[in-house]
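Structural description and commentary
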Amino acid sequence: MEAFFKSLYGVAYFAMSIVLVAVTVLLFVTGIRLFMKKRNRGFAVSCILFACFIVFIIVVMLTTPFSSTPPGSPEAMAALSQLG
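Nothing here was measured: the structure is a model prediction, and the numbers come from that model.

The rules behind each value
- Residues numbered from 1 in each chain as written.
- Predicted model: local features only at pLDDT ≥ 70, side-chain atom pairs only at ≥ 80, totals over all residues.
- Heavy atoms only, no water.
- Helix = DSSP H or I, 4+ residues; strand = E, 2+ residues; numbered from the N terminus.
- Buried < 20%, exposed > 50% of the residue type's maximum accessible area, 1.4 Å probe, protein only.
- Contact = heavy atoms within 4.5 Å.
- Polar contact = N/O pair within 3.5 Å; in protein donor to acceptor, adjacent residues only side chain to side chain.
- Phe/Tyr/Trp six-rings, centres within 6.5 Å; stacked < 30°, edge-to-face > 60°.
- Lys NZ or Arg CZ within 6 Å of the ring centre and 35° of its normal.
- pLDDT = per-residue confidence, 0-100.
- UniProt positions renumbered as here; feature names shortened; annotations may be inferred.
- Patch = residues over 30% accessible without salt bridge, like charges linked within 9 Å, V, L, I, M, F, W, Y side chains within 5 Å.
- Areas by Shrake-Rupley, 256 points an atom, 1.4 Å probe, with all protein chains shown as cover.
- Salt bridge = Lys/Arg side-chain N within 4 Å of Asp/Glu carboxyl O.

**Focus on the overall build of the protein**
Regarding its fold elements, the protein presents three helices and zero strands. The secondary structure elements of the protein, listed N-terminal to C-terminal, are α-α-α. Here the protein, with 84 residues, has 14% of them falling under the buried criterion. Of the contacts formed within the protein by residues at least 6 apart in sequence, a portion of 48% connects residues at least 24 apart.

Spelled out as structure tokens, the structure:
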């Protein structure tokens, strides 16, 4: 059963990443189109900058390994005390 939930988590993680990338691309394209039409330049620049920030967040999300130990748990605190 644990293997099933791990694979289900992997599928959900992959699907969420695809949706985030698609929305980010659409937001970036919208910002570029508004900027080229010279309408709402401030909004266009904010769309472009926000899309770039979200790309950074997606890269961090995909490269950071998942840990099943919550940050404040005793196991995590013991692991941190061993490092220091």
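Okay, back to it.
**Describing the side chain of Thr24**
Considering the arrangement of structural elements, one finds Thr24 in helix 1 (residues 2-36). The exposure class of Thr24 is buried, given its relative accessible area of 8%. There is a polar contact of 2.7 Å between the side chain of Thr24 and the backbone oxygen of Leu20. Excluding residues within four positions of it along the chain, Thr24 makes contact with Ala51, Ile54, Val55 and Ile58.

**Considerations on the packing of aromatic side chains**
The final tally for this structure, using the stated rule, is one aromatic pair. The ring of Phe35 carries the charged tip of Arg41 above its face, separated from the ring centre by 4.2 Å.

**Structural notes on the confidence of the model for the protein**
Residue-level pLDDT values for the protein average 83, and 85% of them are 70 or greater. Per-element averaging of pLDDT across the protein places helix 3 (residues 74-83) at the bottom with 71 and helix 2 (residues 41-63) at the top with 90.

**So, the UniProt feature "transmembrane region" (unreviewed entry) in the protein**
Residues annotated in UniProt with the feature "transmembrane region" (unreviewed entry) correspond here to residues 12-36 and 43-63. The straight-line gap between the two end C-alpha atoms of residues 12-36 is 36 Å; of that span, 100% is helix and 0% is strand.

**Description of the side chain of Ser17**
The residue Ser17 is located in helix 1 in this model. Judged by its relative accessible area of 8%, Ser17 falls in the buried class. Aside from chain neighbours lying at most four places away, what touches Ser17 is Met61 and Leu62.

**Comments concerning the environment of Val45**
Tracing the sequence through the fold places Val45 in helix 2. C-alpha separation for the pair Val45 and Ile32, spaced 13 residues apart in sequence, amounts to 8.1 Å.

**Section: a nonpolar patch on the surface**
On the surface, Val21, Val25, Phe28, Val29, Ile32, Phe35, Met36, Val45 and Leu49 cluster together into a nonpolar patch covering about 750 Å² of accessible area. Among the elements of the structure, helix 1 and helix 2 are those that each provide at least two residues to the nonpolar patch. Sort the elements by how many residues they give to the nonpolar patch and helix 1 lands first, with seven residues. Mapping Val29 onto the fold places it in helix 1.

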